[in-house]
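Geometric and topological summary
In case you want the letters, here they are:
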Amino acid sequence: MMPHLVKTGPSTQLLVDGKPFLILGGELGNSAASSTAYMQPMWPKLRAMRLNTVIAPVYWELMEPQEGKFDFTLVDDLLRDARKNQMKLVLLWFGTWKNSMSCYAPAWVKTDTKRFLRVEDDKGVMQEILTPFEPRNLEADRKAFVQLMQHLKATDNQQHTVITVQVENEIGMLPTARTYDAQANAAFKQQVPAPLLTYMQREKKNLKPEFAAVWQRQGAKTKGTWEEVFGQSLATDELFMAWHFATYTNAVAAAGKAVYPLPMYVNAALNRPGVAPGKYPSAGPLPHVMDVWLAGAPSIDILAPDFYNPDFKHWCDLYTRGDNPLFIPEHRFEDGVDAKAFFAFGNYNCLSFSPFAIEGSDTLKGVPICKAYDLIQQVTPLITKYQPLGQVRGFLLQKDSAARTFTLGDYRFTAKHEYTLGWSLGAKNATWNPGGGLIIAVAPNEFYVVGTGLVLTAEPNAKGKRAGYLSVDEGHFEGDKWVAGRRLNGDEDHQGRHVRVPGKEYHIQHVKLYTY
Ligand code: DGJ
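Residues take numbers from 1 onward in each chain, read along the sequence in its written order. Note on the predicted model: pLDDT of at least 70 is required for a residue's local features to be given, and 80 or more for side-chain atom pairs to be given and counted; whole-chain, interface and lining totals, by contrast, use all residues. With hydrogens and water set aside, each side-chain value is computed from the structure's full complement of heavy atoms.

Moving on, we come to the side chain of Asp-306. The way it works is that DSSP assigns letters per residue, a run of H or I at least four long becomes a helix, a run of E at least two long becomes a strand, and they are numbered from the N terminus. Tracing the sequence through the fold places Asp-306 in strand β11 (residues 302-307). For each residue, the accessible area found with a 1.4 Å probe, counting protein chains only, is set against the maximum for its type, and the residue is called buried under 20%, exposed over 50%, and partly exposed in between. His residues and chain termini do not enter the charge count, which takes Lys and Arg as positive and Asp and Glu as negative. By convention in these notes, a salt bridge is any Lys or Arg side-chain nitrogen within 4 Å of a carboxyl oxygen on Asp or Glu. Nearest to the buried, unbridged Asp-306 among oppositely charged side chains is Lys-98, at 8.3 Å. Of the polar contacts made by the side chain of Asp-306, one reaches the side chain of Asn-267; its length is 2.8 Å. Working rule for contacts: check all heavy atoms of both residues, and any pair within 4.5 Å makes them a contact. Aside from chain neighbours lying at most four places away, what touches Asp-306 is Glu-170, Asn-267, Ala-268, Leu-270, Pro-329 and Glu-330. Each polar contact in these results corresponds to two N or O atoms within 3.5 Å; when the atoms are within protein, one needs to be able to donate a hydrogen and the other to accept it, and residues that are neighboring in sequence are counted only if both atoms are side-chain atoms.

Let's shift gears to a nonpolar patch on the surface. On the surface, Leu-470, Tyr-514 and Tyr-516 cluster together into a nonpolar patch covering about 320 Å² of accessible area. Checked against the element boundaries, Tyr-514 lands in strand β24 (residues 507-515). With a relative accessible area of 34%, Tyr-514 lands in the partly exposed category. Residues enter patches when their relative accessible area tops 30% and they take part in no salt bridge; the joining distance is 9 Å for like charges and 5 Å for the nonpolar side chains Val, Leu, Ile, Met, Phe, Trp and Tyr. Values of accessible area rely on a 1.4 Å probe in the Shrake-Rupley scheme; residue burial ignores everything except the protein chains shown.

A general tendency of soluble globular proteins is for nonpolar side chains to be buried together. If you look at the biggest cluster of nonpolar residues, it comprises 150 residues, and the most contacted ones within it are Phe-230, Trp-293 and Phe-353. The element contributing the most residues to this core is helix α11 (residues 234-259), with 13 residues. Counting 22 residues, the second largest nonpolar core, distinct from the first, contains Leu-397, Phe-406, Leu-454 and Val-499. What is meant by a nonpolar core is a set of buried Ala, Val, Leu, Ile, Met, Phe, Trp, Tyr and Cys residues, joined one to another through side-chain atoms within 4.5 Å.

The relative placement of two packed helices comes down to the angle between their axes together with the axis-to-axis distance. Fitted lines through C-alpha atoms give the axes, limited to the stretch in contact for helices. The angle between two N-to-C directions lies from 0 to 180 degrees. Put simply, helix α7 (residues 182-189) and α11 touch, their axes get as near as 11 Å, and they point 110° apart. Considering their axes alone, α7 and α11 lie roughly perpendicular with respect to each other. Counting all contacts with α7, which are made through Ala-184, Ala-187 and Phe-188, the residues of α11 involved are Thr-236, Asp-237, Phe-240 and His-244. Residues are grouped as follows: Ala, Val, Leu, Ile, Met, Phe, Trp, Tyr, Cys and Pro are nonpolar; Asp, Glu, Lys and Arg are charged; every other residue, Gly included, is polar. In terms of residue class, the contact of α7 with α11 is built from four nonpolar, two polar and one charged. In what follows, roughly perpendicular refers to angles from 65 to 115 degrees, roughly parallel to angles under 35, roughly antiparallel to angles over 145, and oblique to any angle outside these ranges.

As a further point, take the environment of Gly-436. Within the fold, Gly-436 resides in strand β18 (residues 435-443). Taking the C-alpha atoms as reference points, Gly-436 and Thr-236, separated by 200 residues in sequence, lie 40 Å from one another. Leave out the neighbours within four places in its chain, and Gly-436 touches Ala-339, Phe-342, Phe-395, Leu-396, Val-450, Gly-451, Thr-452, Gly-453 and Leu-454.

Here we take up the side chain of Asn-169. Inspection of the secondary structure assignment puts Asn-169 in strand β9 (residues 162-169). A polar side-chain atom of Asn-169 sits 2.8 Å from a polar atom in the side chain of Gln-166. Filtering out sequence-adjacent residues up to four positions away, Asn-169 remains in contact with Trp-93, Phe-94, Trp-97, Lys-98, Asn-99, Ser-100, Asn-267 and Glu-330.

What follows is about the pairing of strand β19 (residues 446-452). Consecutive side chains of a regular strand alternate in pointing toward one face of the sheet and then the other. Of all seven residues making up β19, six are buried, and the element is well covered by its neighbours. Should DSSP find at least two bridges between two strands, the strands are regarded as paired. Pairing between β18 and β19: seven bridges, direction antiparallel. Considered in β19, the bridge of Gly-437 is made with Gly-451. What sits between β18 and β19 in their antiparallel hairpin is a turn of two residues.

Attention now goes to the sheet that holds strand β17 (residues 411-417). One open sheet accounts for four strands, arranged β16-β17-β20-β23; its pairing is antiparallel. If you trace the sheet from one side to the other, it starts and ends with β16 (403-408) and β23 (499-501), each paired once. Going across the sheet, the axis of each strand differs from the next one's by a mean of 20°, ignoring polarity. As defined by bridge partners, β16 adjoins β17 across six bridges and the pair is classed as antiparallel. When the sheet's bridge partners are listed, Thr-405 is paired in β17 with Thr-414.

Next up, the structure:
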């Protein structure tokens, strides 16, 4: 069975070999997969880090060095080495766009600026960015992508090593909010395309508020040019570009899926709030233009954020509006990724977590995420069983958000950073290493708590009662079977007052509560 997405209750799940799969991933640095020899010593390291998936680029320039002549050696090497190491792959199509630029276009594309037309800024200066308005750009990219998908169908249709494909990479308009090439200027004067207007009217009540506000400011018109419908502003330039980026990318994805229908997503470089369009990579699948991407790119299954900004929870909340599942292809490889992985899989319908430039890490840096992945792997069957039922929660505990309260089963829980404990010496530290975890209710009184650097207290939903612990056991899963280790009591659960996982430790604890 092909890897595919299914809607299970309110959640979307990625089914791989027929089972819900959580991508415990790592994305390779951009150039790593261009050399099979360079990658050789990396594979054992990636396996030791407990990754189940490697997220790796496919480079248009190396795959089609001459027009119409394809070389799949690097793709085949990735398939072989991933299989040898029992890992899955997410492939990144570095095609027309990579971080706004077109640096991965083959030389025969780059050097033919008459045929493969470029973006121009407002002074008419040509950029090394292919314009989405030139049909020959789309044609060349689409042909190459179809070849890639055909090759995957021919070589991976049985094993399904490749489970998802990212189309392009961090599309975003720079250095102006829109391109001023001749075809773009003509399109800008046209009517807003009917499919976008139809979507806006159909989804009127569900539009993201940022987008709805721009539309409503102009009187929520149902037809007109871009500036008539959205007003004369950089925001309109961005919406216009988002539509054309989305439809271009959709055409590439749709042609690829017609050959071999893997799940496909696009990723965004998050913008810094308060910065004007054109000053950040604009018009990619960003929260404020999500609606345009949803309308323009129905063959794209997921809009995904890349995390190099603060405010993890804020951005996760924005990306999980509507039906969009959370898929994190990139997170800066920094302290706290372990806690964020627990939080993301516990709190959201998250399909993927993945630190960036994973192969470059030294052994020590990789330890926390490896420990987190080990535990998440063990509880994946529980997460994927209970999440669609609403029985999983996650929490991220940082200095500025050190406590979180939520209801689960028969109890109201408060998760706190361990430094909030009165006697904790660490509280004086300038920075608090993030703590985080997830909790799964397998029965109204029975829970698995998974995480690091956390303290959890419970009170019953029932009024006038108090909660007590019947048992707190640490342990691990062997397949479906829970294997209990120490019974945690006394100092370890503060004499029956709380559940605790100290910082730098990683536990699964099986907790049974009662009321009195
Ligand atoms: C986000 C991009 O998607 C990656 O390919 C990489 O360039 C990182 N930024 C930064 O190194």
